[in-house]
Amino acid sequence: MKLVGSYTSPYVRKISVMLLEKGIAFEFVNDPPGEPGSKITDYNPLGKVPALVTDDGEVFYDSPIIVQFIELQNASPTLLPWQPLEALRVKQIEALADGVTDAAVALVLESKRDADKRNEEWVVKQRAKVLRGLDTLEQHAKNCTLLNGESLNVADIAVACALGYINYRRVAPGWCVERPKLVSLVERLFQRESFSRTAPP
């Protein structure tokens, strides 16, 4: 199995963590989409990471799809509930975490534009998405059921990867203020080998 991505992508990190937690062997191919000579479009016509290439040569892309494929391999531990509705609820939190990541990535890209070309109104909207999303995730973490529960699941991984990216890129300084449950969640997960091995350089 081959995972095509980049070391700094939080979406790629989510998949890497899952594979490591399950003990599924994989080859990592570093292929940042923005770099000259990138061949990611050979795997995903949208030119986005991650892409997962199976041993049979089949390609899956878009991290939620890859998550589902990995779960279908029936490798322990299970990171999605077996009950369909509960699985859907966990995946909704995963989607929220990915949406926070989307807004954070957009802010990083906008910050690289010349100052006179930045759309400040749009920046404000993206920041608001990040903060609203984190507020909702904090409430989920307080409930300790679908997120921040006794057993690790996909929602936990997606949230930790989102917050890891926010910290790495310094997108929302002070996000941890008044969000103690998210802080405790990431502090606990970042101690796991799967997260320490996938920390961005």
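Quick caveat: nothing in here was measured; it's all calculated off a predicted structure.

It is worth spelling out the UniProt feature "domain: GST C-terminal" (unreviewed entry) in the protein chain at this point. What UniProt calls "domain: GST C-terminal" (unreviewed entry) maps, in this numbering, to residues 83-201. A helix fraction of 69% and a strand fraction of 0% characterise residues 83-201, whose end C-alpha atoms lie 37 Å from each other.

This part takes up the layout of surface pockets. Quantified by volume, the largest pocket comes out at close to 730 Å³. Lining the largest pocket are 27 residues, and of these Ser9, Tyr11, Pro33, Val49 and Val105 lie nearest its centre. Top element by residues in the lining of the largest pocket is helix α3 (residues 84-111). It accounts for five residues. Considering only residue class, the lining of the largest pocket consists of 13 nonpolar, seven polar and seven charged. Per-domain counts for the lining of the largest pocket show at least three residues from each of domain 1 (1-71) and domain 2 (82-191).

On inspection of all chains with the given rule, the structure shows 10 salt bridges. Salt-bridge contacts for Lys22 lead to Glu71; the nearest nitrogen and oxygen are separated by 2.8 Å. Highlighted residues: Lys22 in helix α1 (residues 10-22) and Glu71 in helix α2 (residues 63-71), separated in sequence by 49 residues. As far as the burial class goes, Lys22 and Glu71 line up, both buried. In this structure, Arg89 engages Glu86 in a salt bridge whose closest nitrogen and oxygen atoms are separated by 2.4 Å. Of this pair, Arg89 and Glu86 both sit in helix α3, three residues apart, which is roughly one turn of the helix. Among the ionic contacts, a cluster of salt bridges with common partners joins Lys14, Lys91, Glu94 and Asp98.

The topology assignment puts Asp98 in helix α3. Filtering out sequence-adjacent residues up to four positions away, Asp98 remains in contact with Tyr11, Lys14, Ser63, Pro64 and Ala158.

Another aspect to go through is the pairing of strand β1 (residues 2-5). Examined bridge by bridge, β1 and strand β2 (residues 27-30) share four bridges and lie parallel to one another. Across the sheet, Val4 pairs through a bridge with Val29, a residue of β2. With α1 bridging β1 and the parallel β2, this β-α-β connection has right-handed handedness. Inspection of the sheet shows β1 paired to strand β3 (residues 51-53) by three bridges, in the antiparallel sense. Following the sheet pairing, Leu3 is matched in β3 by Leu52.

Within this structure, the stated rule accounts for two cavities of 30 Å³ or more. Space inside the largest cavity adds up to approximately 50 Å³. In terms of lining residues, the largest cavity is bounded by Tyr7, Thr8, Ser9, Pro10, Arg13, Cys161, Gly164, Tyr165, Thr198 and Pro200. Where the lining of the largest cavity is concerned, the elements lending two or more residues are α1 and α5 (154-169). For the lining of the largest cavity, the class distribution of residues is five nonpolar, four polar and one charged.

Calculation notes
Residues numbered from 1 in each chain as written. Predicted model: local features only at pLDDT ≥ 70, side-chain atom pairs only at ≥ 80, totals over all residues. Heavy atoms only, no water. UniProt positions renumbered as here; feature names shortened; annotations may be inferred. Helix = DSSP H or I, 4+ residues; strand = E, 2+ residues; numbered from the N terminus. 1 Å grid on protein atoms, 1.4 Å probe; cavity = no way out; pocket = protein on both sides within 12 Å on 5 of 7 lines; lining within 4 Å. Points joined across faces, edges and corners; volume = space filled by probe spheres on them. Nonpolar A, V, L, I, M, F, W, Y, C, P; charged D, E, K, R; others polar. Domains from an automatic or database assignment. Salt bridge = Lys/Arg side-chain N within 4 Å of Asp/Glu carboxyl O. Buried < 20%, exposed > 50% of the residue type's maximum accessible area, 1.4 Å probe, protein only. Contact = heavy atoms within 4.5 Å. Pairing = 2+ DSSP bridges. Right-handed = clockwise from strand over helix to strand, strands pointing away.

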